[in-house]
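Coordinate inspection notes
One-letter residues, chain by chain:
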Amino acid sequence: MERYIVKGGIPLVGSVEISGAKNAALGIIAAAILTEDAVTIDNLPDVNDIHVLLNAIEDLGVVVKRINAHSVIINASTISKLRTDYDPIKKIRGSYYLLGALLGRFHKAEVYLPGGCNIGSRPIDQHIKGFKALGANVGIEGGFITACAESLQGGHIYFDVASVGATINLMLAAVLAEGRTIIENAAKEPHIVDVANFLNSMGANIKGAGTDVIRINGVERLHKTEYTVIPDQIEAGTFMFAAAATQGDITVKNVIPKHLEAASSKLTEIGCRVKEFDDSVRVYCQGKLRSTKIKTLPYPGFPTDMQPQIAVTLALSSGISIVTETLFENRFKYVDELIRMGANMKVEGNSVIIEGVQRLSGGIISSPDLRAGAALVIAALAADGISVVEDVKYIQRGYERFDEKLKSLGAQIERVSSDRDLQKARFLLNAV
Ligand code: EPU
């Protein structure tokens, strides 16, 4: 079991290169199996969830040529089965995109029920509603979702909730369907636009991605393409909050500043300076930050995936802040860990009330999920003394070389896999 050992209290300073967006890349990899042609994808993040999905499509018979850590060529002309039973796929959320892609191309699919971070009940009723609107029969049996159709016909879907996963899945299933599909109350996240742009570059006809209404005219076939995944706005936001919490000065590079506006405006509001450039954003903070109220919302609102990171920052800001989570009911599991580090906060319903403290102190803390894990690393970097962050496997699902990138900003952080290495690192960090 890998852990991070962190010596905190050092402002992070410097610049950091942001990787490709995990949640866009998952949709794009699944979309690549909609054609028999070879598809090249660049700027994939080198993270565990992406490796699992690539392995899962290989298990279906797809040929995946790994050009380097961030580029692959996918050739899905050789698919030999329509049942995704590669075991590790159970653990990731993006597995559900194979359902839309296989259904779209072969009119039949069987996929393990999706896993992913345990941040709430995470139903898939909207995905199922969408597939049914295209004429598919959908069932759940023995841990699998099955979907099949004689033929897929365009349909009109009004989603009850704006779901990222359901919107992407419906696009995947509808691009090769006969006729026109209209998705209303579609999610608008940047990764929806990225998957749509990728599909359009393969010859699909999708209009309106990034708005509430997406219109898809089915085409007969999709063809080869070469595509670069957008930068990960959540990874970028995580480093921006790391700058704030450690009173540092970080420039996140290779980003689309527009995608970071929710984070930038909150950081400015609480007293950080934020400077936008064409493809980078600098965040620098000095002195006590202020409290605020914040509510997570679908894009362009403040992302749920950045909720734990802002909460850590507010735990060290003056005054009382309220952070309300509106998307997932189980996303405050980091709160108890922060309290053990000296934070003054308590969960009330779907909000956490935070009274800022002067300092946090290092401790042994455990990552409950991907984003909360990253937030706890930020807390450890800001805290006095040494912390051990356990269960970093969750962080590695979605952050590429997180410890190395932090180190390049001056962080004292070591990744260790044995108790012996932990003792050694503790000794060395104590000596710094
Ligand atoms: N929802 C339903 N029914 C559905 C689908 C969703 O009620 O059929 C509800 C959810 O319970 C939630 C809301 O709709 O309250 C939004 O969920 P959404 O479907 O948008 O989330 P998701 O597709 O399961 C993706 C990301 C998450 C991110 C959310 C919200 C992937 C693989 N995952 O999840 O990312 O938090 O969108 O932006 O794209 C992460 O990267 O750490 C992560 C958890």
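Procedures and definitions
Residues numbered from 1 in each chain as written. Predicted model: local features only at pLDDT ≥ 70, side-chain atom pairs only at ≥ 80, totals over all residues. Heavy atoms only, no water. Helix = DSSP H or I, 4+ residues; strand = E, 2+ residues; numbered from the N terminus. Rg over C-alpha atoms; globule rule 2.2 N^0.38 Å. Buried < 20%, exposed > 50% of the residue type's maximum accessible area, 1.4 Å probe, protein only. Contact = heavy atoms within 4.5 Å. Areas by Shrake-Rupley, 256 points an atom, 1.4 Å probe, with all protein chains shown as cover. Core = buried A, V, L, I, M, F, W, Y, C linked by side-chain atoms within 4.5 Å. Near = heavy atom within 4 Å. Polar contact = N/O pair within 3.5 Å; in protein donor to acceptor, adjacent residues only side chain to side chain. Nonpolar A, V, L, I, M, F, W, Y, C, P; charged D, E, K, R; others polar. Domains from an automatic or database assignment. Phe/Tyr/Trp six-rings, centres within 6.5 Å; stacked < 30°, edge-to-face > 60°. Pairing = 2+ DSSP bridges. Axes fitted to C-alpha atoms, helices over the stretch in contact; angles between N-to-C directions. Disulfide = S-S within 2.5 Å. Buried area = accessible area lost by both parts, 1.4 Å probe. Salt bridge = Lys/Arg side-chain N within 4 Å of Asp/Glu carboxyl O.

Within the chain one finds 14 helices and 24 strands. Rg of the C-alpha trace for the chain: 22 Å, near the compact-globule value of 22 Å for 432 residues, within the 12% margin. Burial analysis of the chain (432 residues in total) assigns 57% to the buried set. In the chain, the proportion of contacts linking residues at least 24 apart, taken out of those at least 6 apart, comes to 72%. In the form shown here, the chain has an accessible surface area of approximately 16,500 Å², with 48% of it arising from carbon and sulfur atoms.

In terms of nonpolar packing, the biggest core is built from 80 residues, with Ile-41, Met-171 and Leu-199 touching the most fellow members. Residue contacts for Met-171: discarding those within four places in its chain leaves Ile-183, Ile-192, Val-195, Ala-196, Leu-199, Ile-206, Ile-214 and Ile-216. Grouped together as the second largest cluster of nonpolar side chains are 72 residues, Ile-119, Leu-316, Phe-332 and Ala-375 included.

Attention shifts here to the site of the ligand. By nearness alone, 23 residues border the ligand, and Tyr-96, Ser-163, Val-164, Asp-305 and Leu-327 come closest of all. Gly-165 is positioned such that a nitrogen or oxygen atom in its backbone is 3.0 Å from an oxygen atom of the ligand. Arg-371 places a side-chain nitrogen or oxygen 2.8 Å from an oxygen atom of the ligand. Here the ligand, which alone exposes 820 Å², has 91% of that area covered by the protein. Going through the elements one at a time, α1 (22-31), α4 (125-133), α5 (164-174) and α11 (370-382) are the ones with two or more residues in the shell around the ligand. For the shell around the ligand, the class distribution of residues is 10 nonpolar, 6 polar and 7 charged. Summarising the domain contributions, the shell around the ligand has at least three residues from each of domain 1 (3-19 + 231-431) and domain 2 (22-228).

Another point: the packing of aromatic side chains. As enumerated under the stated definition, the model contains 7 aromatic pairs in all. Where Tyr-96 meets Tyr-97, the ring centres are 4.8 Å apart and the plane angle is 65 degrees; that geometry is what we call edge-to-face. Take Tyr-96 and Tyr-97: they sit in the same class, and that class is buried. Pairing Phe-241 with Phe-302 gives two aromatic rings, centres 6.2 Å apart and planes at 70 degrees, and the pair type is edge-to-face. Separated by 61 residues along the polypeptide, Phe-241 in helix α7 (residues 233-245) and Phe-302 in the loop between β18 (293-295) and α9 (307-315) bring together distant segments of the chain.

Turning next to the sheet that holds strand β11 (residues 180-184). Strand order in the open sheet formed by 4 strands is β10-β11-β13-β12, and the pairing between neighbours is mixed. The open sheet is flanked by β10 (156-158) and β12 (205-207), the only strands paired with a single partner. Strand-to-strand twist of the sheet, defined as the mean angle between neighbouring strand axes without regard to direction, takes the value 10 degrees. As paired strands, β12 and strand β13 (residues 214-217) are joined by 3 bridges and run antiparallel to one another. Following the sheet pairing, Lys-207 is matched in β13 by Arg-215.

The sheet contact formed by strand β4 (residues 63-68) and strand β5 (residues 71-75) spans 5 bridges and is antiparallel. By the bridge assignment, Lys-65 is partnered in β5 with Ile-73. Joining the antiparallel neighbours β4 and β5 is a turn of 2 residues.

Our focus in this paragraph is the state of the cysteines. Evaluation of the coordinates by the stated rule reveals 1 disulfide. Covalent S-S linkage joins Cys-272 and Cys-285, the inter-sulfur distance amounting to 2.4 Å. Looking along the S-S bond of the Cys-272-Cys-285 disulfide, the torsion reads about 105 degrees, which is the right-handed sense. One end of the pair, Cys-272, is in the loop between α8 (261-269) and β16 (273-276); the other, Cys-285, is in the loop between β17 (280-284) and β18, with 13 residues separating them in the sequence.

Domain boundaries assigned for the chain yield domain 1 (3-19 + 231-431) and domain 2 (22-228). Just the C-alpha atoms count here: the centres of domain 1 and domain 2 sit 31 Å apart. Summing both partners gives a buried area of about 1,900 Å² for domain 1 against domain 2, and 50% of it is carried by carbon and sulfur. Area buried by domain 1 at its contact with domain 2 is led by Tyr-299, Arg-397 and Glu-400, which between them contribute 36% of it. If you look at where domain 1 meets domain 2, you find 1 salt bridge. Residue Asp-49 pairs with Arg-397 through a salt bridge whose shortest N-O separation is 3.0 Å. Our count for the contact surface shared by domain 1 and domain 2 stands at 9 residue pairs in polar contact (both at pLDDT 80 or more). The class makeup of the residues in the side of domain 1 that touches domain 2 is 6 nonpolar, 7 polar and 9 charged.

What follows covers α1. With 9 of 10 residues buried, α1 lies mostly within the body of the structure. The set of residues buried in α1 consists of Lys-22, Ala-24, Ala-25, Leu-26, Gly-27, Ile-28, Ile-29, Ala-30 and Ala-31.

The tally for this structure, following the rule as stated, stands at 29 salt bridges. In this structure, the salt-bridge partner of Lys-129 is Asp-160, at a minimum N-O distance of 2.9 Å. Highlighted residues: Lys-129 in helix α4 and Asp-160 in the loop between β10 and α5, separated in sequence by 31 residues. The class of Asp-160 is exposed, set by a relative accessible area of 54%. With a shortest N-O distance of 2.7 Å, Glu-235 and Lys-405 are connected by a salt bridge. Separated by 170 residues along the polypeptide, Glu-235 in helix α7 and Lys-405 in helix α13 (residues 402-408) bring together distant segments of the chain. For the pair Glu-235 and Lys-405, a shared accessibility class is recorded, and that class is buried. Within this structure, Glu-2, Glu-400, Arg-401, Asp-403, Glu-404 and Arg-415 form a network of salt bridges that share partners.

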